[in-house]
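Commentary on secondary and tertiary structure
Residues per chain, in single letters:
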Amino acid sequence: MKPIIEVQNLNKVYKKSENEIKVLNNINITVGEGEFLALMGPSGSGKTTLLNLIAGIDKPTSGNIEVKGVDITTFGESALAKWRSSNIGFVFQFYNLIPVLTAFENVELPLLLTKLNRAQRVKHVESALKVVGLGDRMSHYPKQLSGGQEQRVAIARAVVTDPLIIVADEPTGDLDRNSATEILTLLERLNKEFKKTIIMVTHDPHAAERASRVLHLEKGDLVDNL
Amino acid sequence: MKFFKIILKNAFRHKLRTLLTMTGIAIAIIAFGLLRTVLTSWDAQVEVSSLNRLITRQAVSFIFPLPYAYKNKIEAVEGVGTVTFSAWFQGVYKDKDHFFPRLAIDPETYFDVYPEFQLTPEEFETFKKERNSCVIGRDIANQYNIKLGDIMSIEGDIYPGQWDFVVRGIYQPRDKSTDGTGMVFHWNYINERVKEQYPDRAGYVGWYTVALKDPDRAAEVSEKIDNLFKNSPAETKTETERAFSQNFMAAFSAILTAMDVMSFVIVGIIMLVVANTMIMSARERTKEYSVLKTIGFSAKQLSLLIIGESVLISFLGCVIGVLMLFPVVGGFEQSIPKNVFPVFYLATRTVVISVIAVMLVGVAASIFPLMKALKTSIVDGFRYSG
Ligand SMILES: Nc1ncnc2c1ncn2[C@@H]1O[C@H](COP(=O)(O)OP(=O)(O)OP(=O)(O)O)[C@@H](O)[C@H]1O
Ligand SMILES: [Mg+2]
């Protein structure tokens, strides 16, 4: 498998007044193109931090992250924002939809940053919502949807720009068993059918089963590489 | 413009809060506009007063009269055009509360010197011929429903007795700023009765109005006129009509300054109202801003959303305020005595200043929440709980 993400000697230290908290210690990971990677570990072990660094929404204390051969740790803030908008799709535990926007408008958000015209945007949003099975809920507001449906809208928002990589931080953490299964099936399909590389943080062993590889973090250290 | 829908939806996320904010802005705009209107009305009074007319009055005080005999002497001064005179008659028409200026004037010259009071040639001719006739302004005619040929009875006070005048002319104010509330009649007619009853008061006028041939020579001509009467029992003080108005207004300058300051204090209040709303909104949306940044919104695009929302709320409040300002100013115009502000209307400039001020305030009010939103890192934004 061709590597798409290469993390080298990655360190993250938070300074709180005098105390230094080492959150990630010398992490090295290679993620292949089309992989579905699960990150597991106890609370506070640094999973979210690692995910955020790979997705380019946080800066490491030291180390490199190469994505498609480009070291994103050298990017400035606005270059990074631009890079994220075309390379990464985000799925959060609490969906993070904008409450005053409809499902359609929420999914359209990332497209507003592109050069697509209105008609093209409509086409993309509609097909993204159809992929997640919500073609009939486009004009619904988040509070008119169930948690599982909200998460599916969030997934549609993550894939609408057709990014290579999807990062998901406990995407099923706030859902019941059935909804969680639906979401995992959807992610699996995005991985298999649409060839998305997925990195997913989870506490749930069932969720991790769907992944092609599972990594365990323990107090900022990668403990195995199964 | 792709973002406009989002801005609009954000602005009305808390409908009640936004409506209250907009109402606050609207009320402040009404107060601001009203104050500015009062100020511009004062200014208008000074501005409409002419630079090509001189006022010659008694040097000690405006209330002391000048001899009628000065007319010929002033006319003889080089650079002087037509000379006319007026005397303050006052009196009471119908009731004391409804005051408008009433002057005894020289019918031959008055309308030459004051072309802003427009009479038809027929009206002018009959007025000149009939000794007990009068001319009134359009606004007075409308207010009391007076027609040509009607009799107006004035109860004299400075000139005691009952005085009946036949209305022979209703003048039209030439400009928006021209006073339409005047009443004028023959000085000769008054003077004759005074001669019989109070012989020692006869032969005096209130002040002279001198049309200049060349406005640039105002200072020189004024000096020549005043020199004519140096060391006489009635020395004169001559100045341009505008200088005269300015001196008259100067007495009120402290109040005007206070109003000026107040109008800008109001702008400050609008700013606090909007800033408060924006700060509350931005704080609630800390997480959302992180989401938008994560998706790839740049600092510029985020600024557009935040500033846009602040400006939109301010603008809508301003529009409501300005729309209400027109009837409010209109109502004020009705309720204040005409002679206090001969012209009282909402100047375009006032509206423009209001809109610009509110727009700037809208931008300024969003700066603090914007800086905060930009400074907060994505990760901190997600961890924010509040
Ligand atoms: N901005 C920050 N400032 C200070 N400390 C932080 C910050 N972000 C994370 N940490 C600390 O870093 C450590 C790892 O946090 P992280 O959120 O990555 O854990 P996690 O594995 O995702 O935990 P969970 O399973 O509970 O989500 C924690 O001890 C946390 O308190
Ligand atoms: Mg986490």
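A brief report on the enclosed structure follows.

**Remarks on the pairing of strand E9 (residues 213–218) of chain A**
Residue and element names in this part refer to chain A. Of the pairings in the sheet, the one linking strand E3 (residues 36–40) to E9 comprises four bridges and is parallel in character. In the sheet register, Met40 faces E9, and the bridge partner there is His216. Where E9 hands over to strand E10 (residues 221–222), the hairpin turn is made up of two residues, of which Lys219 adopts a positive phi near 50°.

**As for the sheet that holds strand E7 (residues 165–169) of chain A**
Residue and element names in this part refer to chain A. What the six strands build is an open sheet, ordered E6-E7-E8-E3-E9-E10; its pairing is mixed. Bordering the open sheet on either side are strand E6 (88–91) and E10, each of which pairs with just one other strand. Note: E9 against E10, two bridges, orientation antiparallel. Along E10, the bridge assignment pairs Glu218 with Asp221. Taken strand by strand, helix H6 (residues 177–192) contacts E3, E7 and strand E8 (197–201), and its axis lies near 150° from that of E8.

**Overview of the site of ligand 1**
Neighbouring ligand 1 are 15 residues, the closest being Ser43, Gly44, Lys47, Thr48 and Thr49 of chain A. With respect to ligand 1, the backbone of Gly44 of chain A contributes an N or O atom lying 2.8 Å from an oxygen atom. A distance of 3.0 Å is found between a nitrogen atom of ligand 1 and a side-chain nitrogen or oxygen belonging to Arg383 of chain B. Relative to its free-state accessible area of 630 Å², ligand 1 is covered by the protein chains to the extent of 76%. Every element with two or more residues in the shell around ligand 1 is listed here: strand E1 (3–16) and helix H1 (47–54) of chain A together with helix H14 (378–383) of chain B.

**Remarks on a nonpolar patch on the surface**
A surface patch of nonpolar side chains, about 420 Å² in accessible area, is lined by Val60, Phe62, Ile63 and Phe64 of chain B. By secondary structure assignment, the location of Ile63 of chain B is in the loop between strand E1 (53–58) and strand E2 (66–67).

**Things to note about the packing of aromatic side chains**
Here the structure, examined in full by the defined rule, presents 29 aromatic pairs over all chains. Centre to centre, the rings of Phe90 of chain A and Phe92 of chain A are 6.2 Å apart; their planes meet at 10°, and the pair counts as stacked. Residue classification places Phe92 of chain A among the buried residues on the basis of a relative accessible area of 12%. Centre to centre, the rings of Tyr110 of chain B and Phe117 of chain B are 6.4 Å apart; their planes meet at 5°, and the pair counts as stacked. Considered together, Tyr110 of chain B and Phe117 of chain B belong to a single accessibility category, that of buried residues.

**Section: the interface of chain B and chain A**
Of the residues lining the interface, 20 residues belong to chain B; the matching set on chain A comes to 24 residues. Counting each side, the surface lost to burial between chain B and chain A is near 2000 Å², with a carbon and sulfur contribution of 66%. The largest per-residue losses of area from chain B upon contact with chain A belong to Lys2, Lys9 and Ile295 of chain B, which jointly make up 28% of the total buried on that side. Summed over the shared surface of chain B and chain A, the number is two salt bridges. Lys9 of chain B serves as the salt-bridge partner of Glu105 of chain A, at 2.6 Å between the closest nitrogen and oxygen. For the side of chain B that touches chain A, the secondary structure elements donating two or more residues are helix H1 (4–11), helix H11 (286–295) and H14 of chain B. Per-element tally for the side of chain B that touches chain A: the top contributor is H11 of chain B, with seven residues. Across the side of chain B that touches chain A, the residue classes tally to nine nonpolar, four polar and seven charged.

**Quick word on the sheet that holds E1 of chain A**
Sheets are built from strands paired through backbone hydrogen bonds, the pairs being either parallel or antiparallel. Residues and elements named next belong to chain A. Pairing within the open sheet is antiparallel, and its four strands lie in the order E2-E1-E4-E5. Whereas interior strands pair on both sides, the edge strands pair on one side only; in this sheet they are strand E2 (19–32) and strand E5 (70–71). The pairing of E1 with E2 spans ten bridges and is antiparallel. By the bridge assignment, Lys16 is partnered in E2 with Asn19.

**Structural notes on H11 of chain B**
Residue and element names in this part refer to chain B. The buried fraction of H11 is high, at nine of ten residues. All buried positions along H11 are accounted for by Thr286, Glu288, Tyr289, Ser290, Val291, Leu292, Lys293, Thr294 and Ile295. A positive backbone phi angle near 125° is found at Gly296, which sits one or two residues after H11.

About the cut-offs
- Residues numbered from 1 in each chain as written.
- Chains lettered and ligands numbered in written order.
- Predicted model: local features only at pLDDT ≥ 70, side-chain atom pairs only at ≥ 80, totals over all residues.
- Heavy atoms only, no water.
- Pairing = 2+ DSSP bridges.
- Helix = DSSP H or I, 4+ residues; strand = E, 2+ residues; numbered from the N terminus.
- Contact = heavy atoms within 4.5 Å.
- Axes fitted to C-alpha atoms, helices over the stretch in contact; angles between N-to-C directions.
- Near = heavy atom within 4 Å.
- Polar contact = N/O pair within 3.5 Å; in protein donor to acceptor, adjacent residues only side chain to side chain.
- Areas by Shrake-Rupley, 256 points an atom, 1.4 Å probe, with all protein chains shown as cover.
- Patch = residues over 30% accessible without salt bridge, like charges linked within 9 Å, V, L, I, M, F, W, Y side chains within 5 Å.
- Salt bridge = Lys/Arg side-chain N within 4 Å of Asp/Glu carboxyl O.
- Phe/Tyr/Trp six-rings, centres within 6.5 Å; stacked < 30°, edge-to-face > 60°.
- Buried < 20%, exposed > 50% of the residue type's maximum accessible area, 1.4 Å probe, protein only.
- Buried area = accessible area lost by both parts, 1.4 Å probe.
- Nonpolar A, V, L, I, M, F, W, Y, C, P; charged D, E, K, R; others polar.

By themselves, these figures tell us nothing about what the structure is for.
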